Structure formats: C-alpha cells, structure tokens
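A structural walkthrough
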Amino acid sequence: MKEGTVTMSDTFIHTLLADWDEERSLSREEAVAILDLPKEEMEDLISCAYALRTKYKGKKVSVQLLTNVRSGNCSQNCAYCAQSCESHAPIEKYRRVSDEKLYGDNDLVDEKNLARHCIGLSGIKFTDAEIEDLAERIRIMKKKNTQICCSIGFLTEKQAKMLKEAGLDRINHNLNSSRSFYPEICSTHTYDQRVNNIKMLQGLGFEICSGGIIGMGESKEDVVDMLMDLKAISPESVPINFLLPIPGTRLADRDISGLTPEYCMKVLCLARLMIPKSDIRCAAGREVYFKGIEPELFKVVDSIFASGYLTAGGQGIDDTMKMIRDAGFTGEIESTDE
Ligand code: SF4
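Parameters and conventions
- Residues numbered from 1 in each chain as written.
- Predicted model: local features only at pLDDT ≥ 70, side-chain atom pairs only at ≥ 80, totals over all residues.
- Heavy atoms only, no water.
- UniProt positions renumbered as here; feature names shortened; annotations may be inferred.
- Near = heavy atom within 4 Å.
- Nonpolar A, V, L, I, M, F, W, Y, C, P; charged D, E, K, R; others polar.
- Axes fitted to C-alpha atoms, helices over the stretch in contact; angles between N-to-C directions.
- Helix = DSSP H or I, 4+ residues; strand = E, 2+ residues; numbered from the N terminus.
- Parallel < 35°, antiparallel > 145°, perpendicular 65-115°, else oblique.
- Left-handed = near helix turned anticlockwise from the far one by under 90°.
- Contact = heavy atoms within 4.5 Å.
- Buried < 20%, exposed > 50% of the residue type's maximum accessible area, 1.4 Å probe, protein only.
- Pairing = 2+ DSSP bridges.

- Labelled according to an unreviewed UniProt entry, the chain appears under the name Biotin synthase, originating from [Ruminococcus] lactaris ATCC 29176.
- According to its UniProt record, the chain has this under Function (unreviewed entry): "Catalyzes the conversion of dethiobiotin (DTB) to biotin by the insertion of a sulfur atom into dethiobiotin via a radical-based mechanism."
- Recorded under Catalytic activity (unreviewed entry), the UniProt text for the chain is reproduced unchanged: "(4R,5S)-dethiobiotin + (sulfur carrier)-SH + 2 reduced [2Fe-2S]-[ferredoxin] + 2 S-adenosyl-L-methionine = (sulfur carrier)-H + biotin + 2 5'-deoxyadenosine + 2 L-methionine + 2 oxidized [2Fe-2S]-[ferredoxin]".

**Structural notes on the site of the ligand**
- Taken together, Cys74, Gln76, Cys78, Tyr80, Cys81, Ser84, Ser122, Gly123 and Ile124 make up the full set of residues adjacent to the ligand.
- Of the residues contributing to the shell around the ligand, the split by class is five nonpolar, four polar and no charged.

**Overview of the packing of helix α2 (residues 28-35) against helix α9 (residues 220-233)**
- Viewed as axis vectors pointing N to C, α2 and α9 meet at an angle of 125°, and their least axial separation amounts to 9 Å. Considering their axes alone, α2 and α9 lie oblique with respect to each other. Judged by the sense of rotation from one axis to the other, the crossing of α2 with α9 is right-handed. Residues Arg28, Ala31, Val32 and Leu35 of α2 form the contact with α9, whose participating residues are Lys220, Glu221, Val223, Val224, Asp225 and Met228.
- Within the contact of α2 with α9, the residues separate by chemical class into six nonpolar, no polar and four charged.

**Some words on the pairing of strand β8 (residues 279-282)**
- Residues Asp279 and Arg281 line one face of β8 and the alternating positions Ile280 and Cys282 line the opposite face, and both faces are buried.
- Sheet analysis places strand β7 (residues 237-242) next to β8, joined by four bridges and oriented parallel. Among the inter-strand pairings, Val238 is bridged to a residue of β8, identified as Ile280.
- The sheet contact formed by β8 and strand β9 (residues 303-306) spans two bridges and is parallel. Following the sheet pairing, Arg281 is matched in β9 by Ser303.

Printed below as a string of structure tokens:
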C-alpha cells in the first residue's frame, strides 16, 4: 500500500482506531498498515495514541540527562555507531570520563529534578575490576537518590549483581532493529545475544530500557517485528532513535529521505499503541525530525533526553524544559525515592 492511496485497508484502519481496545494485540499486518496510513488519518492515529499517553502517563514528560562514561574504541561493528571499530568519525575517545564531569552531571540531574541520569559505556565486555570501578561511582551517585540507568554491553550475571548491589536502577540494552535485519547492521554479536542479556537482567530484577533505531534501511515489517519483540520484553522504557547518519560510519550516506516527520510520528504512535504502559521516548533525532512540531510529539511520547546523545549534540536542559512548558506539558519531576 502506498501512502496517500485509498484502499480497503485504509477503511479497516479507520475502523480499528475508532473502536480501539488496548487489550487487543495488533497483528503484524495491522501494525504495518498503521505505518502506511494516509495523511488524512494521522489525526485519528495521534488522538488514539494521546488517549493512551494521558491514561498511563498523564501530561508529564520525563527528561533524562546522558553522560558518556566511556567513549570510542569499541570492538563491535555496529554500522550506525561512531564508537565502533569500523568508524572513522573524529570523536573524543577515553576510557573513563572524569569524576568531575560524571558527578557534576549527576548533581545537575538532582538540582534540575530530572527523571533520570543515563550513563553510557562503549564496549561489549568488561572485566570484574572495571565493573567494580563503575559500581563504586554508582554508589557515590546514588547518595543523591537520582535514578540511574546504565547503557552497557553484555554483563556476566556476577557483574550484573555487582551493579544491582551498588544501587543501579535500570539497564539500557537496545534491540536496535528486527532479528532478520540485525545482521545487516552488526556481525560481531547477534540479536539473540541481546535478547538473552535482557532476559538475564530482568531475572535479576533490573528495570529495562530497550528500543531501537529507525532509518537504517530496514523495512516497515522490520520496525513492526522489533516492536513486537519489545512488547514481549515489556521494558519500562522504550527509546526510539531516528538515524542521524554520522560521517565516518558505515551508515554515513544512508538515505534518510523516508524519515519524514509524518513517518517518524507513525512509528512513535505505533510504539504507544503496542506498548502503551511503557515510557515511550523520542531519543536521538528529535531536534532534527520533530523540529517545530513538539506539541504534537508530546501527545505521543512521555520521555526525551536533554543535553547530548553520546557523540551527537543535543538541546540544553533549560531550553528543553521551556519547550515542554510551551507545549502545554509538565517537565517530569519523577520521585527519586521509588
Ligand atoms: S553501539 Fe555499543 S556495542 Fe555497538 S559499536 Fe557502538 S559502543 Fe560498540
């Protein structure tokens, strides 16, 4: 089905949305049809997503701050990533960010009442000594009662327990794309390793943040398959990134003309429809693909990043908060004593 054409499926989708029942699971075909909806049905789609958003998340927008604790020199070849072993992107590389920067960012999360401090480490495997080093820093940051989420590669169960005991609340481990498309973007580890890692972490009681990247050359079916797998995982948070091709990476010249604001919005609406109770986060690409339409965006998502996205720049915290208020929403001040 082409966008903008009137077909039997369009009529079906209109009916589906009019009688939306969130307990009903969308079939793969129905979900793909939502990504194909014609422009004139966008209003209905956004209204449906908005009803779920307000039901489960009110009008709050969670804002998180991201600190890149370890940057570059990763052994993995993820095609989109400036930190991968294949990337020639001129990024700053370091083994561990200074304590001044890490604790300073954590203080900022506390002072500005942001929802969460997200810390990211490049790399896929860590020694126990490196994890203990990280655990010690988490213990210090948790004295402020900030909520902390760590984006990190594959942990052993022992290492995951070390971080849990240090007070780490949540771990980010994205699926990134569908199982069938995954080998196109990475050949140094598998999709199933990622899924198994998430299951192990959930078994230890971690909250999970897991999402993906849109615009890497995947089909609409791939997007749906990824969302179906995420629904099965049921993460507390689902970050959806829209590809920002980085010069020096394998996806530097990827055609992103399909990432229209309308298509990006459909992906987020579909995420809300399929996983309504999770935080749906518009992560990387927000300032590019949703520029000027934030009030519409916040009808669907309840979570964004302030500040930078690892190797790509982002919007400052105060500007972000103002934008949320101007759109008629509330910058979330999430309880720090959950
Ligand atoms: S996404 Fe993570 S694992 Fe993949 S190359 Fe980048 S830092 Fe390494």
